[in-house]
Amino acid sequence: MQTLLLNAAEKGAVEKAAEIIRSGGLVGMPTETVYGLAANALDGKAVAKIFAAKGRPQDNPLIVHISDFSQIGRLVRSVPEKAKKLAEAYWPGPMTMVLEKSELIPDEVSTGLPTVGIRFPSHPVARALITAAGVPIAAPSANTSGLPSTTTAQHVMRDMNGKIDAVLDGGPCSVGVESTIVTLASDPPRLLRPGGITLEQLRAVLGRVDVDRAVMNPLPKGARPLSPGMKYKHYSPKANVVILDGNERAYADYVNAHRGPGVAALCYTGEEKLIRVPAVTYGGETDYGAQARDLFEALRHLDEIGAETVYARCPEPKGVGLAVYNRLMRAAGFEVLRIG
Ligand code: AMP
Ligand code: MG
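The number of helices and strands found in the protein chain is 10 helices and 16 strands. Here the C-alpha atoms of the protein chain give a radius of gyration of 20 Å, agreeing with the 20 Å that 2.2 N^0.38 yields for 340 residues. Each principal axis of the C-alpha atoms in the protein chain carries an extent, and together these give about 60 × 50 × 35 Å. Taking the contacts inside the protein chain whose residues are at least 6 apart along the sequence as the reference set, 67% of them involve residues at least 24 apart. Working note: accessible area of the protein chain is about 13700 Å², and carbon and sulfur atoms make up 51% of it.

Written as structure tokens, this is what we have:
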């Protein structure tokens, strides 16, 4: 299959992509979080193609994207008061709500769960595409399963060229990590995956919000997580990633003492001058937004420079940094060394 690369700024591009969605095809779609691999959410056959293109495990459900709050009504059993409040505060934006699903949601989307994740993205191209398609859009991240998510159209082409109908290029993603997932199907609500909307922001609207154990910790072997995407290893480059937990001095000393062929560093912006191995940066030490935006690009870049062992600076799990911590821990398979 020839994969079309469409420039979203060009006339007719969004309409062409919408036509592909309507006829059961797959499109790489820009959103503010990461690129999504989009299909008609109401067409089980089209959704099944997403799993094939990504090599995605069959038990990992997809998020359904809408372009107006009113579209949620027929996708879920009911819209609780808490969902309305959250939507009012943070939609459109990088937050997914899990609610009990309606019969319209095919099993291919919810993979056997009684619930569905719904998101109303803020990216103008995503919104225009959903509206033009005239159907809700199911979309997981547009990467090969297990690899770092895609935050540019070029990343999507690298993973999906020849496997999907088109990629709609809307430029680089501004948030850079996947949406926050909060389930309202349990009481109190529970954070399943941290993202661009922080835990503090959720609590400001909902009061008590519990944090699922899988957000900070590896799952015990064989356990089924509430959010199947939180499985052990994920978002991972080919290189072996080891997180070093310590201050800047201790980090630089450790990396420099372990230099050798294939060794590389993933450090905060500005620290590269202290490091005597090839270094890739992912935002300043307290700039959690920049860390989130740059993380996946940095992980992909480490593979491009041929890194085999990557020593990563440990992110601080604060604000949006919690999402960065969560993704990098999985990229490292929770391999953390405490130093200094
Ligand atoms: P991705 O868009 O690739 O980040 O994948 C979507 C993620 O959303 C999955 O990995 C799931 O963990 C999560 N998800 C989607 N639907 C549900 C649901 N109904 N309940 C819990 N988690 C969900
Ligand atoms: Mg994903």
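So that's the structure; there's more coming.
Before going further, it helps to spend a moment on unusual backbone geometry. Following tryptophan 91, the chain continues into proline 92 via a peptide bond in cis, with omega recorded as -5°. A cis amide bond, omega 0°, links aspartate 187 with the succeeding residue proline 188. Assignment of secondary structure puts proline 188 in the loop between strand S9 (180–183) and strand S10 (190–193). Residues other than glycine seldom take positive phi values, yet tyrosine 235 does so here, at roughly 55°. Examined against the element boundaries, tyrosine 235 turns out to sit in the loop between strand S11 (210–211) and strand S12 (240–245).

Moving on: the packing of aromatic side chains. On inspection of all chains with the given rule, the structure shows five aromatic pairs. Each member of the aromatic cluster is reached from another via a ring pair, and the members are Phe69, Trp91 and Phe120. The ring of tyrosine 251 has arginine 313 lying over it, and the distance from NZ or CZ to the ring centre is 5.7 Å.

Time to look at helix H6 (residues 153–160). In terms of burial, H6 is largely enclosed, as six of its eight residues are buried. Every buried residue belonging to H6 is among Ala153, His155, Val156, Met157, Asp159 and Met160, and all of these are buried. Looking at the packing, one finds that the buried side of H6 touches strand S1 (4–7), strand S2 (27–29), strand S3 (36–40), helix H2 (44–54), strand S8 (166–169) and helix H9 (288–304). Within two residues after H6, glycine 162 carries a phi angle of roughly 90°, on the positive side.

Here aspartate 159 lies in helix H6. A residue is classified by how much of its surface remains accessible, and aspartate 159, at 9% relative accessible area, is buried. Here the side chain of aspartate 159 touches threonine 144 through a polar contact of 2.8 Å, landing on its backbone nitrogen. When neighbours within four sequence positions are excluded, aspartate 159 is seen to be in contact with Ala142, Asn143, Thr144, Leu147, Thr150 and Arg300.

We now examine the sheet that holds strand S5 (residues 95–100). Taken together, 11 strands build an open sheet; the order of strands is S1-S8-S2-S3-S7-S4-S6-S5-S9-S10-S11 and the sheet is mixed. On the outer flanks of this sheet lie S1 and S11, each paired with one strand and no other. Pairing of strand S4 (residues 63–65) with strand S7 (residues 137–138), which is carried by two bridges, proceeds in the antiparallel orientation. Across the sheet, the residue bridging to valine 64 is alanine 138, located in S7.

This part is about the sheet that holds strand S13 (residues 263–267). With respect to topology, five strands assemble into an open sheet ordered S14-S13-S15-S12-S16, the strand pairing being parallel. In the strand order of this sheet, the two ends are held by strand S14 (279–281) and strand S16 (336–338), each with one partner. Strand-to-strand twist of the sheet, defined as the mean angle between neighbouring strand axes without regard to direction, takes the value 25°. Pairing geometry for S13 and S14, over three bridges, is parallel.

Next up on the list: the packing of helix H1 (residues 13–22) against helix H5 (residues 124–133). Contact geometry for H1 and H5: axes closest at 8 Å, N-to-C directions at 50°. Classified by the angle their axes make, H1 and H5 are oblique. Relative to H5, H1 is oriented so that their crossing is right-handed. The residues of H5 that touch H1, namely those facing Val14, Glu15, Ala17, Ala18, Ile21 and Arg22, are Val125, Ala128, Leu129, Ala132 and Ala133.

Rules behind the numbers
Residues numbered from 1 in each chain as written. Chains lettered and ligands numbered in written order. Predicted model: local features only at pLDDT ≥ 70, side-chain atom pairs only at ≥ 80, totals over all residues. Heavy atoms only, no water. Helix = DSSP H or I, 4+ residues; strand = E, 2+ residues; numbered from the N terminus. Rg over C-alpha atoms; globule rule 2.2 N^0.38 Å. Contact = heavy atoms within 4.5 Å. Areas by Shrake-Rupley, 256 points an atom, 1.4 Å probe, with all protein chains shown as cover. Phe/Tyr/Trp six-rings, centres within 6.5 Å; stacked < 30°, edge-to-face > 60°. Lys NZ or Arg CZ within 6 Å of the ring centre and 35° of its normal. Buried < 20%, exposed > 50% of the residue type's maximum accessible area, 1.4 Å probe, protein only. Polar contact = N/O pair within 3.5 Å; in protein donor to acceptor, adjacent residues only side chain to side chain. Pairing = 2+ DSSP bridges. Axes fitted to C-alpha atoms, helices over the stretch in contact; angles between N-to-C directions. Parallel < 35°, antiparallel > 145°, perpendicular 65-115°, else oblique. Left-handed = near helix turned anticlockwise from the far one by under 90°.

This is a description of form; function is not addressed.
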